[in-house]
Amino acid sequence: MSPTAPNSRAGAPERRVRLLLCDDHAVVRAGLRALLSAEPGIEVVGEAATGEEALAVAAKQRPDVVLMDLSLGTGIDGIEATRRLVTEVPGTRVLVLTTYDTDADVTRAIQVGATGYLLKAERPEQLFAAISAAAEGRAVLSAPAADRVLEHVRKPRAALTERQLDILGQLARGLGNREIAQALFISEATVKTHLVRIYAKLGVETRAGAVAAAKEQRLIP
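**A few points about helix H10 (residues 207-216)**
Burial in H10 covers these residues: Gly209, Ala210, Val211, Ala212, Ala213 and Ala214. As for H10, its buried residues are in contact with helix H4 (103-111), helix H7 (162-172) and helix H9 (188-202).

Here it is, written out as structure tokens:
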């Protein structure tokens, strides 16, 4: 008779992590489902193309982990969906899986309650391990995301000037460079120069990212 490991239960199925996929690209979801469904420790219990759909499916399926993209097209974005999931579906962890690794994206995701932050360039085995860790409530950060967090802590961003705050306010109104220049009585070239400096100070790369970061830091209403 072959020896049996102590406390083992022959035939007892190993508990699998119940996972919900949220990404607005159907092809990406299909690829993730195929990859993750083949992993013995993971059970994909649902998919969502929008933040609102993720909330509805999560409330019904009660997944252990939601794999969340940040850019979801229409409706609420991944940050807002994460914030609401954490409060409205207690016990469900959110693991961000995205292509964005700016300071603002990483810090905002963590601030609203994401358990982890991974980039879509990660290897499959890293994704599997991150899902398991997230299900246990352990924080997971990809190397670039961890670097961003450390850089943010070690080197606080320089304060914005009065003019840069004015421009941010106009950005929040949805104005283009020409409209901002006209509103503030400056040249478009000056607007562009200020935008470059604003992006650097906030650690972002886009107009939307600048507005989001500014609101998060209460620089604008």
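Picking up where we left off.
**Structural notes on the environment of Glu179**
With respect to the element layout, Glu179 can be found in helix H8 (residues 177-184). Overall, the relative accessible area of 41% leaves Glu179 in the partly exposed class. Taking the C-alpha atoms as reference, Glu179 lies 10.0 Å from Val191; in sequence the two are twelve residues apart.

**Points about the nonpolar core**
Leu168, Ile198, Leu202 and Ala210 are the most contacted members of the largest nonpolar core, which totals 21 residues. Elements with a minimum of two residues in this core: H7, H8, H9 and H10. Ranked by the residues each element gives to this core, the list is headed by H9, at five residues. Setting aside chain neighbours within four positions, we find Leu168 in contact with Leu160, Ile198, Leu202, Ala210, Ala214 and Ile220. With 19 residues, the next largest nonpolar core counts Leu19, Leu32, Leu67 and Leu97 among its residues.

**Remarks on H4**
Helical periodicity: at 3.6 residues per turn, an α-helix aligns residues three or four positions apart in one direction. Buried residues dominate H4, accounting for seven of its nine residues. Buried residues of H4: Asp103, Ala104, Asp105, Val106, Thr107, Arg108 and Ala109, and no others. Backbone geometry just after H4 places Gly113 at a positive phi near 120 degrees.

**Looking at the pattern of salt bridges**
Considering all chains together, one arrives at ten salt bridges under this definition. A salt bridge links Arg83 to Glu80; the shortest N-O distance between them is 2.5 Å. Here Glu80 and Arg83 lie together in helix H3 (residues 78-88), a separation of three residues that amounts to about one turn. On the basis of relative accessibility, which here comes to 36%, the residue Arg83 falls in the partly exposed class. In this structure, Glu125 engages Arg123 in a salt bridge whose closest nitrogen and oxygen atoms are separated by 3.0 Å. A relative accessible area of 45% places Glu125 in the partly exposed class. According to the relative accessible area criterion, Arg123 is partly exposed, its value standing at 49%. Ionic contacts of the salt-bridge type, sharing partners, join the residues Asp23, Asp69 and Lys120 into one network.

Rules of the game
- Residues numbered from 1 in each chain as written.
- Predicted model: local features only at pLDDT ≥ 70, side-chain atom pairs only at ≥ 80, totals over all residues.
- Heavy atoms only, no water.
- Buried < 20%, exposed > 50% of the residue type's maximum accessible area, 1.4 Å probe, protein only.
- Helix = DSSP H or I, 4+ residues; strand = E, 2+ residues; numbered from the N terminus.
- Contact = heavy atoms within 4.5 Å.
- Core = buried A, V, L, I, M, F, W, Y, C linked by side-chain atoms within 4.5 Å.
- Salt bridge = Lys/Arg side-chain N within 4 Å of Asp/Glu carboxyl O.

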